[in-house]
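As a plain string of letters, each chain reads:
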Amino acid sequence: MKHQFNEDVLEASKQLFYKKAEDVKVLHVSHMTIVADYFILASGRSDVHVKSLADEIQKFMQSKGWQRLRIEGYREGRWIVMDYGDVLIHIFHKQEREFYGLERLWLDGDNSVLVTEATASVV
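These numbers were taken from a predicted model, which means no experiment stands behind them.

1. What to know about helix α1 (residues 7-18)
Move 1: Given a rise of 1.5 Å per residue, 12 residues ought to cover 16 Å, and the 16 Å separating the end C-alpha atoms of α1 matches this to within 8%.
Move 2: Taken as a whole, α1 has its buried residues at Val9, Leu10, Ala12, Ser13, Lys14, Leu16 and Phe17.
Move 3: Positive backbone phi, at 75°, marks lysine 20, one or two positions downstream of α1.

In structure tokens, the structure reads:
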């Protein structure tokens, strides 16, 4: 089944990419869970970078009218989860992302989009 991706979600993923987040990926998970429709996953190079990405994505989401319901992990800056209801944004330190492997749990055929230099202008 071909998944439709929300435009705000794709734009948010591009914002993370343009802020130098690594391995930015959007997963459409509404057919797998009631927790959210989308996961955005991104990695930062340091605790400071992870926090900076979270700050920037908060500004972007707010500008699009999304209200953050809660945030976890900001103080430590290792794995920040931002809950926007239909969208969960996971910003990881590289080691945490590798360890927890959320992609392995939530990938299902064509339910993901990887944001790269080539796809950022198309996505």
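Moving on from the coordinates now.
2. Focus: unusual backbone geometry
Move 1: Phi is positive for lysine 20, which is not a glycine, with a value near 75°.
Move 2: Within the element layout of this structure, lysine 20 appears in the loop between α1 and β1 (22-28).
Move 3: In the Ramachandran plot, aspartate 23 falls in the positive-phi region, its phi being about 50° despite a non-glycine side chain.
Move 4: Its location among the elements puts aspartate 23 in strand β1.
Move 5: Residue aspartate 23 is classed as partly exposed on the basis of its relative accessible area, which comes to 41%.

3. A word on the pairing of β1
Move 1: β1 sits mainly inside the fold: five of its seven residues count as buried.
Move 2: Bridge count for β1 against strand β2 (residues 38-44) is five bridges, and the pairing is antiparallel. Residue pairing in the sheet places lysine 25 in a bridge with leucine 41 of β2.

Rules of the game
- Residues numbered from 1 in each chain as written.
- Predicted model: local features only at pLDDT ≥ 70, side-chain atom pairs only at ≥ 80, totals over all residues.
- Heavy atoms only, no water.
- Helix = DSSP H or I, 4+ residues; strand = E, 2+ residues; numbered from the N terminus.
- Expected span 1.5 Å × (residues − 1).
- Buried < 20%, exposed > 50% of the residue type's maximum accessible area, 1.4 Å probe, protein only.
- Pairing = 2+ DSSP bridges.

None of the figures reported here should be taken as evidence of function without further support.
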